[in-house]
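Now for the letters of each chain:
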Amino acid sequence: MDATGIPLNWFLILSACLFVIGLAGVLIKRNAIVVLMSIELMLNAANINLVAFSVYNNDPTGQVLALFSIGLAAAEVAIGLAILLNLNRLRDTVDLNDLTILRW
């Protein structure tokens, strides 16, 4: 048990479930917006692990890394959505199979 009273295993199971859902979304879906949301799910699963181990070990390093990761995810979403909006304006689709404009 850690300071929250919830066993560490529950946090790890929750994180693993979120990561698997995000991975399935990246591998199965072809809509670029859904793929971006799935990547966010996988990043949040990693953040849950960082914070859970940080609280379990009474070390704030994991929480600091989680905050850095959240900021990085926000920048990734902003750039990804900007690229998608421009590609949608150019090609009128956000389907990943139809977006071949970035190939050489």
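Residues numbered from 1 in each chain as written. Predicted model: local features only at pLDDT ≥ 70, side-chain atom pairs only at ≥ 80, totals over all residues. Heavy atoms only, no water.

Caption draft 1: Geometry of the overall build of the protein chain. Secondary structure summary: the protein chain contains three helices and zero strands in total. Tracing the protein chain from N to C terminus, the helices and strands come up as α-α-α. For 104 residues, the compact-globule estimate of 2.2 N^0.38 gives 13 Å, and the C-alpha radius of gyration of the protein chain, at 17 Å, exceeds that figure by more than 25%. Along the first, second and third principal axes, the C-alpha atoms of the protein chain reach 55 × 25 × 20 Å. Buried residues in the protein chain amount to 24% of all 104 residues. Across the protein chain, 5 positive and 7 negative side-chain charges occur, with their mean positions spaced 15 Å apart. (Helix = DSSP H or I, 4+ residues; strand = E, 2+ residues; numbered from the N terminus. Rg over C-alpha atoms; globule rule 2.2 N^0.38 Å. Buried < 20%, exposed > 50% of the residue type's maximum accessible area, 1.4 Å probe, protein only. Lys, Arg positive; Asp, Glu negative; His and termini not counted. Charge placed at Lys NZ, Arg CZ, Asp CG, Glu CD.)

Caption draft 2: Examining helix 1 (residues 8–28) more closely. Its 21 residues give helix 1 an end-to-end C-alpha distance of 30 Å, which sits within 8% of 30 Å, the value for a rise of 1.5 Å per residue. Turning to helix 1, its buried residues are Leu8, Ser15, Gly22 and Gly25. Down the axis of helix 1, the sector holding all buried residues measures 120°, keeping them to one side. Across from the buried face of helix 1, at angles greater than 90 degrees, the exposed residues are Asn9, Trp10, Ile13, Val20, Ile21, Leu27 and Ile28. At its buried positions, helix 1 is contacted by helix 2 (32–56). (Expected span 1.5 Å × (residues − 1). Arc of directions from axis to C-beta. Contact = heavy atoms within 4.5 Å.)

Caption draft 3: Here's a closer look at the side chain of Asn47. Along the chain, the position of Asn47 falls in helix 2. For Asn47, a relative accessible area of 7% gives the class buried. With residues up to four places along the chain from it excluded, the contact list for Asn47 reads Ala66, Ser69 and Ile70.

Caption draft 4: Helix 2, seen in detail. For helix 2, which comprises 25 residues, the first-to-last C-alpha distance of 36 Å matches the rise-based estimate of 36 Å (1.5 Å per residue) to within 8%. Within helix 2 the residues assigned to the buried category are Ala32, Val35, Leu36, Ser38, Glu40, Met42, Ala45, Asn47, Ala52 and Ser54. Along its buried surface, helix 2 packs onto helix 1 and helix 3 (61–91). Taking the backbone nitrogen of Ile33 as reference, a side-chain oxygen 3.2 Å away marks Asn31 as the first, capping residue of helix 2. Asn58 lies just past helix 2 and shows a positive phi near 55°. (Polar contact = N/O pair within 3.5 Å; in protein donor to acceptor, adjacent residues only side chain to side chain.)

Caption draft 5: Molecular detail of a nonpolar patch on the surface. A surface patch of nonpolar side chains, amounting to about 410 Å² of accessible area, comprises Phe19, Leu23, Leu27 and Ile28. Note on placement: Ile28 falls in helix 1. For Ile28, a relative accessible area of 64% puts it in the exposed group. (Patch = residues over 30% accessible without salt bridge, like charges linked within 9 Å, V, L, I, M, F, W, Y side chains within 5 Å. Areas by Shrake-Rupley, 256 points an atom, 1.4 Å probe, with all protein chains shown as cover. Salt bridge = Lys/Arg side-chain N within 4 Å of Asp/Glu carboxyl O.)

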